[in-house]
Amino acid sequence: SSRFHNFAIPLHTAHKTGLGSSAALVTAFTAALLTHYLPPSLFSLTNPNPNPNPSLHATSLQRLHNLAQAAHSAAQGKVGSGFDVASAVHGSCQYRRFSPTLLQSPGAAGSPSFSRKLRALVEETDGQVWDTEIGKQAAAAAVRVPRGLRLVMCDVDCGSKTPGMVKTVLRWRAEKPGEAGRIWAGLQRCNEGFAAELVRLAREEEEEEEGAEGQDYAALAKCIAEIRALIREMSEASGVPIEPEQQTQLLDACSKVPGVVGGVVPGAGGYDAIALLVENKPEVIDTLRTVLAGWKVNEEVDSDAVTIGKVSMLGVREEMEGVRLEDPEIYGDWIKSC
């Protein structure tokens, strides 16, 4: 059977998933264009291990990242962290965003010298250096999901308009810098603590002959709970439903399932998705799937609640690898079915 599913609906009627699909599409399309139009001596996505020129691979990923960030930011209204594009290019990584002013230098599309300025920005030839920090460290220090855990992504049938939400949060941040700065700093500390705990657990796994059996995830659960508390505080302060009540109910219900470490509303937040970190055991997935199948929001808690529809566990999980060059033959059956 085909790896790809035909949903039999036009793209413009599909509900937003909130899982970075627009960034993945922009990244893949940009990579296809660069692969098609540039010679292999200038752009190559060949795996760096057998690649005779690993520096070319690294340069190609950087060029792809820069151009995809520029394209996606323009499409989204120059908002967002850019993490979704970075992870589409590099896979799971630690990321610190670039300075937003970088994307102002080429000007508007179609303006005088736009293409020259954009190329110079992407290739960093005009003295403008992207100050992005993307961490793909050596295995011992890499942030990754330990073998004993897995990431579960769930689609909630109720989309959110990301650009509008982000713009409102940024407006609140500009108007209330003290309040926003305190919450931002708290989130930074909690995120760094979460990353450090993942590194510790992964390192422990490697040191134990029996892998992840018997590992204690209480500290990791505490990190997630602290992150969620700050996100809810930001939601209330900014007036933006980053973790709305409906998602709080859903995440709390999932977190009570034995083997679920915790979860968050990913990306810019809203009503359209949740991400869960769970023990990598079939019985945990089965119980979670049962909970989600019968899920309904308690509208008595919030009488003005936005109605959310079906919650579906998606057949995807974490991935350390980012963009890759694939054989077009694998798409043959899918194209024929459309």
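See the structure shown above.
First things first, this report covers the structure right here in the doc. (Residues numbered from 1 in each chain as written. Predicted model: local features only at pLDDT ≥ 70, side-chain atom pairs only at ≥ 80, totals over all residues. Heavy atoms only, no water.)

**Some details on the packing of helix H6 (residues 177–207) against helix H7 (residues 218–238)**
(1) Moving on: Two elements in contact, H6 and H7, have axes whose closest approach is 9 Å; the angle formed by their N-to-C orientations is 160 degrees. By the angle between their axes, H6 is roughly antiparallel relative to H7. Note that H6 runs across H7; the crossing there is left-handed.
(2) Moving on: In terms of residue class, the contact of H6 with H7 is built from 16 nonpolar, 3 polar and 5 charged. (Axes fitted to C-alpha atoms, helices over the stretch in contact; angles between N-to-C directions. Helix = DSSP H or I, 4+ residues; strand = E, 2+ residues; numbered from the N terminus. Parallel < 35°, antiparallel > 145°, perpendicular 65-115°, else oblique. Left-handed = near helix turned anticlockwise from the far one by under 90°. Nonpolar A, V, L, I, M, F, W, Y, C, P; charged D, E, K, R; others polar.)

**Overview of the pairing of strand S4 (residues 260–264)**
(1) Moving on: Counting buried residues in S4 gives 4 out of 5 residues, a clear majority hidden from the surface.
(2) Moving on: In this structure, S4 lies alongside strand S5 (residues 273–279), joined through 4 bridges in antiparallel fashion. When the sheet's bridge partners are listed, glycine 263 is paired in S5 with leucine 276. (Buried < 20%, exposed > 50% of the residue type's maximum accessible area, 1.4 Å probe, protein only. Pairing = 2+ DSSP bridges.)

**Looking at unusual backbone geometry**
(1) Moving on: Even without being glycine, serine 113 reaches a positive phi, approximately 65 degrees.
(2) Moving on: Relative to the elements of secondary structure, serine 113 occurs in the loop between strand S1 (94–96) and helix H4 (114–123).

**Things to note about helix H1 (residues 21–37)**
Because an α-helix completes one turn every 3.6 residues, residues spaced three or four positions apart along the sequence face the same direction.
(1) Moving on: The end-to-end C-alpha separation of H1 is 24 Å, in line with the 24 Å expected for 17 residues at 1.5 Å each.
(2) Moving on: Here H1 has its buried residues at Ala23, Val26, Thr27, Thr30, Ala31 and Leu34. When H1 is viewed along its axis, its buried side chains cluster within an angular range of 130 degrees and face the same direction. Those residues of H1 that are exposed and angled more than 90 degrees off the buried face are Leu25, Phe29 and His36.
(3) Moving on: Residues of H1 that are buried make contact with helix H2 (54–76) and helix H3 (83–90). (Expected span 1.5 Å × (residues − 1). Arc of directions from axis to C-beta. Contact = heavy atoms within 4.5 Å.)

**Side note on the packing of aromatic side chains**
(1) Moving on: On inspection of all chains with the given rule, the structure shows 3 aromatic pairs.
(2) Moving on: Between the NZ or CZ atom of arginine 97 and the centre of the ring of phenylalanine 98, over which it lies, the distance is 4.8 Å.
(3) Moving on: The ring of tryptophan 184 has arginine 173 sitting right over it, with the charged end atom 3.9 Å from the ring centre. (Phe/Tyr/Trp six-rings, centres within 6.5 Å; stacked < 30°, edge-to-face > 60°. Lys NZ or Arg CZ within 6 Å of the ring centre and 35° of its normal.)

**Thoughts on the state of the cysteines**
(1) Moving on: Per the stated rule, a full pass over the model turns up 0 disulfides.
(2) Moving on: Summary of cysteine pairing: cysteine 223 is not part of a disulfide, and the nearest cysteine sulfur, belonging to cysteine 190, is at 7.3 Å. (Disulfide = S-S within 2.5 Å.)

**Section: the layout of surface pockets**
(1) Moving on: By volume, the second largest pocket amounts to about 310 Å³.
(2) Moving on: Residue lining of the second largest pocket: 15 residues in total, with Leu34, Leu38, Arg63, Leu67 and Val122 positioned closest to the centre.
(3) Moving on: Residue assignment for the lining of the second largest pocket shows that the elements contributing at least two residues are H1, H2 and H4.
(4) Moving on: Residues belonging to the lining of the second largest pocket are distributed by class as follows: 10 nonpolar, 2 polar and 3 charged. (1 Å grid on protein atoms, 1.4 Å probe; cavity = no way out; pocket = protein on both sides within 12 Å on 5 of 7 lines; lining within 4 Å. Points joined across faces, edges and corners; volume = space filled by probe spheres on them.)

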